[in-house]
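# Survey of secondary and tertiary structure
Okay, here's what each chain looks like letter by letter:
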Amino acid sequence: MLKNYLKIAFRGFWKHKLFTFINIIGLSIGISAALVIYLIVHFDFTFDKFHPNGDRIYRVVSNFTFQGEVGHNNGVCGPLPGAVRSQVPGVEVTAPFFTLSEPNVFVPGKRNVPIRFKNQENVVLADPQYFKLFNYKWLAGSSKDALNAPNQVVLTSEQAQKYFPSTPYNQMIGKVVTYDTIKTTVTGIVQTITQNTDFTFHDFISYSTGTVNKDLQGQLQLTEWESTNSASQFFIRLSPQANVAHIEKLINGILKKNSPPKPEDKGNTHGFSLQPLSDLHFNADYGNFDSGHIASKKTLYGLLVLAVFLLVLGCINFINLTTAQATQRAKEIGIRKTMGSSRTQLVIQFLSETFLVTLIAVCISAALAPVVLKLFADFVSPGVKADYVSQPGLILFLLLLTIVVSGLSGFYPAIMLSGYKPALVLKNQATSNSSKTRNAWLRKSLTVTQFIIAQFFIMATVLVSKQIYYALHKDLGFKKDAIIIINSPWKNRTLARNMVFVNKLHAIPNVEMVSIGGAPPSSGNTNSTNVTYKDGKKEIKTDVQLKFADENYMKVYKLRLLAGRSLQASDTSKSVVINEYYTKVLGFRNPAEAIGKNLDHFNGAKSLQVVGVIADFYQHSLHEPIKPLAIYCSMPNSRWQTGTFHIALKPEASGSNDWKTSIAGMEKAWKAVYPDDDFEYHFFDETIAKFYETEQHTSTLLSWATGLSIFISCLGLLGLAIYTTNQRTKEIGVRKVLGATVSQIVTLLSTELVLLILLAFVIVTPIAWWAMNKWMEGFADKTIISWWIFAASGAGMLLTAVFTSSFQTIKAAIANPVKSLRSE
């Protein structure tokens, strides 16, 4: 029986090669998209799922409100972990850790000459209970006594091999590893985590080391309740009976007891909440760790919808083409039923044919998946791989996908075909008029659905591209081209070195100007403070964004001065330039009115004088509105106010290598001043472009989705056009004999198609408009949703569809009517 089914199926495929090809290609595209998206979604949703009792593990995070502004921090104040451990019942395990700032690591080498590993990331001070909370396999030592004393360290296997190559793990115990000036002894080796995880730390220094080291004591701030540092993170595991809300209430009670609200903090709040471990990989408000990748559930769900759409398009093609060819198999079905075949046997036969087509499409998709992942390597995590050997779940997904797609594509055609009545079939009356009408309406409905999906993608792609263009080409209020940013190394940052480097930069011919200060005008970092203005009647307290600059900063970025003057070399830290928006917040109608006014900083401990007002510029991306801003005069001795060199280059002549030569000169100067630190630089305009990296990825995905949806729809359209013209061969011949022109016949054959596309346009336009408005809500400054986006998308789809079908309609229209009528 099975052999017979397969033989009939392959005969049918060979007889209708074009339709089989269209079906396989359409399904292959949809299944390839579904497979790749499954790999991406599965990768992100499996992060840190291997820890025992992971559903009871939480991170304690900080939340703030200040002047109506909501802020989040993934760190906590230093004393909190100890207080929670001793005062909060229902917490089984407490595991604080502190991330060190890229220490230099030294291990003993040959002849006692230390080997240096520069700027090691993911080095933490960890509590002994860290290894009770998270799942690590011990290769040497044990969790019982590994980090119980100061100056102990546990290494991952990968890091241990890096420090002590070719040394067995058990012989690494007792080895000395020095982190800057912190001398530690290896007490344990754990297996490097190979599963998907955000916990990529590889050096675990005992947390108690921070209590005996003076430098670390200042960083840990174990007695400061009002200081929150994102480097200081705190994880806990609750007991099975514990209530999350109750634990949060107890923890916030500890904060209120040790840091009671002050009268001047009215309206401002500081509190803690518990973030589930499962949320760590997805919550951008808190982030995971410094180098961690944050996934977006919204984006992942959007990808799943995209996969469903492309699969549906492929299935629609299959249903349309199969039902369109139904009459060609009518006699076969009638004879089979006359010979005794049951309807169930016929359904199984047709479903098996569908399953075979789907299986071929799945095999093609499985082969294409690694190629597609390489194609999207720029924004797909390197961990996403199509490995069918080490991922048994992937084989199960493909099998399930094959069954589901076979069912969706083949069920209705199988029921319809198997329902033919033998008596009518053998009289060449395969279907009744009502059945023909029903099938025609089904094909039309499915075709309209295809064009709705395709036009939606076109409209979305045009709008996203328009918004990205708007963001990248809008006047942001500052110069962004031909500016190089270099950050000086924190550990070796001194006034003397900074000035030596600046002087060397000035000596490079193509360097126009150099400024030294804090962050550039627009950056991903936020530094703000509470500033008060007293106008004699009332106090205006405002959360003000801060920038630190020298006298050249405004010149480098061409910030436009509206009133007063720029910062000067002779200014003190009390001189400040504010933006126009801040003057409006303070109640001034004219920027000049703000000149000479005094602002109180640090609750009145420091008075600032406004010496200038500049035009507004965007401090962040267009996702965020312009906010009150103050540019302080940076103090040369302040390490954090003078950490960035802003270098304006002279215009580069076309075809010259002036900038390349200048950058080489900068690297040479850097090595002379900071010989132990790597030279790193970036162009400021590249930083601006990265603000919209997510949108650019979205645009790329939408472009691909649009292209694929149009391609699948046009494939199905071509197939229907071929079938329709074949069915109307006699009619076309008669019309030509009676005098119809080629254009009249093409118009006749294309009219129905045009009406279906117009119907799809009418349906999709309000849906697309609503979706676009929802997406644009994420931007504080955005482009206009112009009417031409919809008109151009509809016209483009119409022209593409007419062009595709015209290959067949024109061919049918110019055919010799004598041959057409003879063949009929």
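Look up: the structure comes first, before these words.
Read on for a plain summary of the structure. (Residues numbered from 1 in each chain as written. Predicted model: local features only at pLDDT ≥ 70, side-chain atom pairs only at ≥ 80, totals over all residues. Heavy atoms only, no water.)

## Looking at the overall build of the protein
Along its length, the protein carries 25 helices and 24 strands. Overall size of the protein, expressed as C-alpha extent along the three principal axes, is 100 × 70 × 55 Å. Burial statistics for the protein: of 824 residues in total, 49% are counted as buried. Counting only contacts in the protein whose residues sit at least 6 apart along the sequence, the fraction spanning at least 24 positions is 79%. For the protein, the accessible area works out to roughly 39,800 Å², and carbon and sulfur atoms hold 58% of it. Looking at charge distribution, the protein has the averaged site of its 79 positive side-chain charges lying 12 Å from that of its 56 negative ones. (Helix = DSSP H or I, 4+ residues; strand = E, 2+ residues; numbered from the N terminus. Buried < 20%, exposed > 50% of the residue type's maximum accessible area, 1.4 Å probe, protein only. Contact = heavy atoms within 4.5 Å. Areas by Shrake-Rupley, 256 points an atom, 1.4 Å probe, with all protein chains shown as cover. Lys, Arg positive; Asp, Glu negative; His and termini not counted. Charge placed at Lys NZ, Arg CZ, Asp CG, Glu CD.)

## Quick word on the pairing of strand S19 (residues 575-579)
Across the 5 residues of S19, 5 count as buried, placing the element largely inside the fold. Residue alternation in S19 divides its side chains into two sets, Ser575, Val577 and Asn579 and Val576 and Ile578, and both sets are buried. As defined by bridge partners, S19 adjoins strand S22 (residues 629-633) across 3 bridges and the pair is classed as antiparallel. Bridging across to S22, Ile578 finds its partner in Ala630. (Pairing = 2+ DSSP bridges.)

## Notes on the pattern of salt bridges
Think of it this way: side chains of opposite charge can pair up when their charged atoms draw near. Counted under the stated rule, the structure contains 11 salt bridges. In this structure, Asp676 engages Arg116 in a salt bridge whose closest nitrogen and oxygen atoms are separated by 3.6 Å. Within this pair, whereas Asp676 is found in the loop between helix H19 (658-673) and strand S24 (682-683), its partner Arg116 is found in strand S5 (residues 115-117), the two being separated by 560 residues in sequence. Judged by relative accessible area, Asp676 falls into the partly exposed class, the value being 40%. Assessed through its relative accessible area of 32%, Arg116 is described here as partly exposed. The residue Arg735 makes a salt bridge to Glu731 at a minimum N-O spacing of 3.0 Å. Of this pair, Arg735 and Glu731 both sit in helix H22 (residues 729-737), 4 residues apart, which is roughly one turn of that helix. (Salt bridge = Lys/Arg side-chain N within 4 Å of Asp/Glu carboxyl O.)

## Section: empty space enclosed by the protein
Following the criterion strictly, the structure yields 2 cavities of 30 Å³ or more and no others. Approximately 40 Å³ is the volume found for the largest cavity. For the largest cavity, the full set of lining residues is Asp44, Phe47, Asp48, Lys49, Asp198, Leu277, Ser278, Leu280, His281 and Phe282. The residue makeup of the lining of the largest cavity, split by class, is 4 nonpolar, 2 polar and 4 charged. Roughly 30 Å³ of internal volume is contained in the second largest cavity. Along its surface, the second largest cavity is lined by Val76, Cys77, Gly78, Phe98, Gln219, Leu220, Gln221, Ser227, Thr228, Asn229 and Ser232. Looking at the lining of the second largest cavity, its residues break down into 4 nonpolar, 7 polar and no charged. (1 Å grid on protein atoms, 1.4 Å probe; cavity = no way out; pocket = protein on both sides within 12 Å on 5 of 7 lines; lining within 4 Å. Points joined across faces, edges and corners; volume = space filled by probe spheres on them. Nonpolar A, V, L, I, M, F, W, Y, C, P; charged D, E, K, R; others polar.)

## Describing the sheet that holds strand S15 (residues 511-517)
Spatial ordering of the open sheet is given by S15-S23-S14-S24, a layout of 4 strands whose pairing is antiparallel. Strands with a single pairing partner mark the edges of an open sheet, and in this sheet they are S15 and S24. As paired strands, S15 and strand S23 (residues 644-649) are joined by 6 bridges and run antiparallel to one another. Of the residues in S23, the one forming a bridge with Val511 is Leu649. Lying over the sheet, helix H16 (residues 495-506) contacts strand S14 (483-487), S15 and S23, oriented at roughly 165 degrees with respect to S15. Along the sheet face, H19 touches S14, S15, S23 and S24 and points at about 15 degrees away from the line of S14. (Axes fitted to C-alpha atoms, helices over the stretch in contact; angles between N-to-C directions.)

## Overview of helix H3 (residues 80-87)
The periodicity of an α-helix, 3.6 residues per turn, causes residues three or four places apart in sequence to face the same way. Of all the residues in H3, the buried ones are Leu80, Pro81, Ala83 and Val84. Take H3 and look down its axis: the buried residues cluster within an arc of 165 degrees, on one side only. (Arc of directions from axis to C-beta.)

## Points about unusual backbone geometry
Backbone geometry places Glu102, a non-glycine residue, at a positive phi of 40 degrees. Position of Glu102 among the secondary structure elements: in the loop between strand S3 (91-99) and strand S4 (105-107). A positive phi angle is found at Asp180, which is not glycine, with a value near 55 degrees. Here Asp180 lies in the loop between strand S9 (176-179) and strand S10 (182-190). Relative accessible area serves as the criterion here: at 32%, Asp180 is assigned to the partly exposed category.

## Thoughts on the packing of H16 against H19
Viewed as axis vectors pointing N to C, H16 and H19 meet at an angle of 155 degrees, and their least axial separation amounts to 10 Å. By the criterion of interaxial angle, the relationship of H16 to H19 is roughly antiparallel. As for the relative orientation of H16 and H19, their crossing is right-handed in sense. The residues of H19 that touch H16, namely those facing Arg497, Val500, Phe501, Lys504 and Leu505, are Met666, Ala669, Trp670, Ala672 and Val673. (Parallel < 35°, antiparallel > 145°, perpendicular 65-115°, else oblique. Left-handed = near helix turned anticlockwise from the far one by under 90°.)

## Describing the state of the cysteines
Enumeration according to the criterion identifies 0 disulfides in this entry. Cys714 takes part in no disulfide bond, and the closest cysteine sulfur, belonging to Cys315, lies 18 Å away. Given a relative accessible area of 9%, Cys714 falls into the buried group. (Disulfide = S-S within 2.5 Å.)

## Description of H19
Along its 16 residues, H19 runs 23 Å from first to last C-alpha, staying within 8% of the 22 Å computed at 1.5 Å per residue. Of the surrounding elements, those touching the buried residues of H19 are S14, H16, S15, S23 and S24. (Expected span 1.5 Å × (residues − 1).)

## Side note on the packing of aromatic side chains
Under the defined criterion, the tally for this structure stands at 40 aromatic pairs. Ring geometry for Phe478 against Phe684: centres 5.5 Å apart, planes inclined by 45 degrees, an arrangement best described as tilted. Taken together, the residues span a long stretch of sequence, with Phe478 in the loop between helix H15 (433-473) and S14 and Phe684 in helix H20 (residues 684-690) at a distance of 206 residues. For the pair shown, Phe478 and Phe684 are each scored as buried. When the centroid spacing of 6.3 Å and the interplanar angle of 80 degrees are considered together, the rings of Tyr681 and Phe683 count as edge-to-face. Feature note: the residues Phe97, Tyr130, Phe131, Phe134, Tyr136, Trp138, Phe199, Phe201, Phe204 and Phe235 constitute an aromatic cluster, connected by ring pairs. In this structure, Lys297 packs its charged tip against the face of Phe282, placed 5.1 Å from the ring centre. (Phe/Tyr/Trp six-rings, centres within 6.5 Å; stacked < 30°, edge-to-face > 60°. Lys NZ or Arg CZ within 6 Å of the ring centre and 35° of its normal.)

## Quick word on the side chain of Ser805
Among the secondary structure elements, Ser805 is positioned in helix H24 (residues 787-813). Since its relative accessible area comes to 5%, Ser805 is described here as buried. When neighbours within four sequence positions are excluded, Ser805 is seen to be in contact with Ala721 and Leu753.

## What to know about a nonpolar patch on the surface
On the surface, Phe355, Leu359, Leu396, Leu399 and Ile403 cluster together into a nonpolar patch covering about 460 Å² of accessible area. If you tally residues by element for the nonpolar patch, the top one is helix H13 (residues 392-418), at 3 residues. (Patch = residues over 30% accessible without salt bridge, like charges linked within 9 Å, V, L, I, M, F, W, Y side chains within 5 Å.)

## Quick notes on the pairing of S14
With 4 of 5 residues buried, S14 lies mostly within the body of the structure. Where S14 meets S24, 2 bridges bridge the pair, whose relative direction is antiparallel. Within S24, the residue paired with Ile484 across the bridge is Phe683.

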